[in-house]
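Inside the fold
One-letter residues, chain by chain:
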Amino acid sequence: MDSLQSSVKKKATEIHYKAEVLITGEQLRLRLHDGKLIKDRRYNLRTYPNCFVAKELMDWLIDHKEAPDRGTAIKLMQKLMDHNIIHHVCDGHSEFKDAKLLYRFRKDDGTFPLSKEVKVFMRGQSLYEKLINSENTIMKLQEENGVKYHRSVSGCDMIDWLMKEGEASSRKEAVELCRRELEHGIIQHVSNRHHFFDSNLLYQFRINFRRRRRVAELLNENSWTVQESNDSPFCLRKLNPEQDSSSFLSVQTNKEIKVVSAVRRSSLTPVVTGTTAFYNAGPSLACEPSVECNPKSVLKR
């Protein structure tokens, strides 16, 4: 039993890091859109929509204190490339270069690869937002074994809520859903001692999807749990009566960013399309092989 719990915990931690990279990348994408660094650009009589110049991004990261120097900035962007979050517009460079080259977020051209981990992550984020925005939320201050936990929910209450909201058709299906979310680091038992059960055991969300991430955090693969526990009222921690746990920093986009849907006549229609919010559009947590050619890189002549 101990080895099983240790295996689940290790897997959840690894996927947790991938989720943090995904969230950090999306927050950066929205900021670059707001700062007009991402836009349609003309090169060799062709227009490349929704892209940025690598050299300009290096300047931006340093000016906004996201990186101390250009070398670090390159490493940060390489992390995003390694996780298939950004790519060269023609997929001609597998490494990020501090040059006048055009790169694009895969979210902006519909080439973000899907995986099982992504679907679980997206479902967890959807449930998180639904619970947070609910007027009569089931996440509240509760006690287990003499310790009080903020924004916690019992397993049985979670199952009841999932069935009431139409997220599951049976208690068995709801339990399987919650177990997948726990194994992927989205939720966790408050003291990290149990898997998910349809019982009075308490659980919390391990990830605060709304916390503002610094891009430099991408280089700290082993520090996510510490960072979350220091400033997130939604992740695993005991009640601290001296702190106001109701406050958090929310990062949201002020406008909907549309994804160009036109393709060349000879192109194949991409699997992922749409202009909805980030977590509903299919981001990838897995380090799958990069797309060899991007049919949507050159959309206009």
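Residues numbered from 1 in each chain as written. Predicted model: local features only at pLDDT ≥ 70, side-chain atom pairs only at ≥ 80, totals over all residues. Heavy atoms only, no water.

So, about the overall build of the protein. Across its full length, the protein carries 7 helices and 8 strands. In the protein, buried positions account for 51% of the 301 residues. With an accessible surface of roughly 15200 Å², the protein has 49% of that area assigned to carbon and sulfur atoms. (Helix = DSSP H or I, 4+ residues; strand = E, 2+ residues; numbered from the N terminus. Buried < 20%, exposed > 50% of the residue type's maximum accessible area, 1.4 Å probe, protein only. Areas by Shrake-Rupley, 256 points an atom, 1.4 Å probe, with all protein chains shown as cover.)

Moving on, we come to the nonpolar core. One finds Leu57, Leu61, Met77 and Phe96 to be the most contacted residues of the largest nonpolar core, which totals 54 residues. Breaking this core down by element, the ones donating at least two residues are α1 (2-34), α2 (54-63), α3 (70-82), β4 (102-105), α4 (116-133), α5 (155-164), α6 (171-183) and β8 (202-205). Excluding residues that lie within four positions of it along the chain, Phe96 makes contacts with Phe52, Ala54, Leu57, Met58, Ile74, Met77, Gln78, Met81, Ile86 and Tyr103. (Core = buried A, V, L, I, M, F, W, Y, C linked by side-chain atoms within 4.5 Å. Contact = heavy atoms within 4.5 Å.)

Next up on the list: the side chain of Asp108. Its location among the elements puts Asp108 in the loop between β4 and α4. Using a relative accessible area of 3% as the deciding quantity, one classes Asp108 as buried.

Before going further, it helps to spend a moment on the sheet that holds strand β7 (residues 187-189). Strand order in the open sheet made by the 4 strands is β5-β6-β8-β7, with antiparallel pairing throughout. The sheet terminates laterally at β5 (140-144) and β7, the two strands that pair on one side only. Sheet twist, expressed as the average angle between the axes of neighbouring strands with direction ignored, equals 60°. Pairing geometry for strand β6 (residues 147-154) and β8, over 2 bridges, is antiparallel. Bridging from a neighbouring strand, Val153 pairs with Tyr203 of β8. The strands that α6 touches are β7 and β8; relative to β7, the one it contacts most, it runs at about 95°. (Pairing = 2+ DSSP bridges. Axes fitted to C-alpha atoms, helices over the stretch in contact; angles between N-to-C directions.)

A separate point is the packing of α2 against α3. The N-to-C vectors of α2 and α3 enclose an angle of 110°; their axes lie 9 Å apart at closest approach. Relative to α3, the element α2 lies roughly perpendicular. The hand of the α2/α3 crossing is right-handed. Judged by residue contacts, Lys55, Leu57, Met58, Asp59, Leu61 and Ile62 of α2 engage Arg70, Ala73, Ile74 and Met77 from α3. Within the contact of α2 with α3, the residues separate by chemical class into 7 nonpolar, no polar and 3 charged. (Parallel < 35°, antiparallel > 145°, perpendicular 65-115°, else oblique. Left-handed = near helix turned anticlockwise from the far one by under 90°. Nonpolar A, V, L, I, M, F, W, Y, C, P; charged D, E, K, R; others polar.)

Turning to the environment of Leu127, a few remarks are in order. Residue placement: Leu127 occurs in helix α4. Overall, Leu127 belongs to the buried group, its relative accessible area being 3%. Leu127 sits 35 residues away from Leu162 along the chain, and the two C-alpha atoms are 8.9 Å apart. Not counting residues within four places of it along the chain, the set of residues in contact with Leu127 comprises Trp161, Leu162, Glu167, Leu177 and Phe205.

Where α4 contacts α6, the axes come no closer than 10 Å and their chain directions differ by 105°. With respect to α6, the axis of α4 lies roughly perpendicular. Between α4, through Val120, Arg123, Gly124 and Leu127, and α6, the contact on the second element is made entirely by Leu177, Arg180 and Glu181. For the contact of α4 with α6, the class distribution of residues is 3 nonpolar, 1 polar and 3 charged.

Now for the sheet that holds strand β3 (residues 86-88). The strand order across the open sheet built from 4 strands is β1-β2-β4-β3, with neighbouring strands paired in antiparallel fashion. Edge positions in the open sheet fall to β1 (39-43) and β3, since each of these has one partner strand only. Strand-to-strand twist across the sheet, computed as the mean angle between neighbouring axes with direction ignored, equals 55°. Note that strand β2 (residues 46-53) and β4 share 2 bridges and pair antiparallel. From the neighbouring strand, Val53 faces β4, where its bridge partner is Leu102. Packed onto the sheet, α2 meets β1, β2 and β4 and runs at close to 25° relative to β2. Along the sheet face, α3 touches β3 and β4 and points at about 95° away from the line of β3.

Moving on to α5. Regarding α5, the residues found buried are Gly155, Cys156, Met158, Ile159, Trp161 and Leu162. In the core, the buried residues of α5 are packed alongside α4, β6, α6 and β8. The first or second residue beyond α5 is Gly166, which carries a positive phi of 75°.

With 69% of its residues at a pLDDT of at least 70, the protein reaches an overall mean of 77. Here residues 224-293 scores under 50 on pLDDT; set against residues more than four positions off or in separate chains, the count is 167 contacts. Every residue in residues 295-301 is under pLDDT 50, and counting partners more than four places away or in other chains gives 32 contacts. (pLDDT = per-residue confidence, 0-100.)

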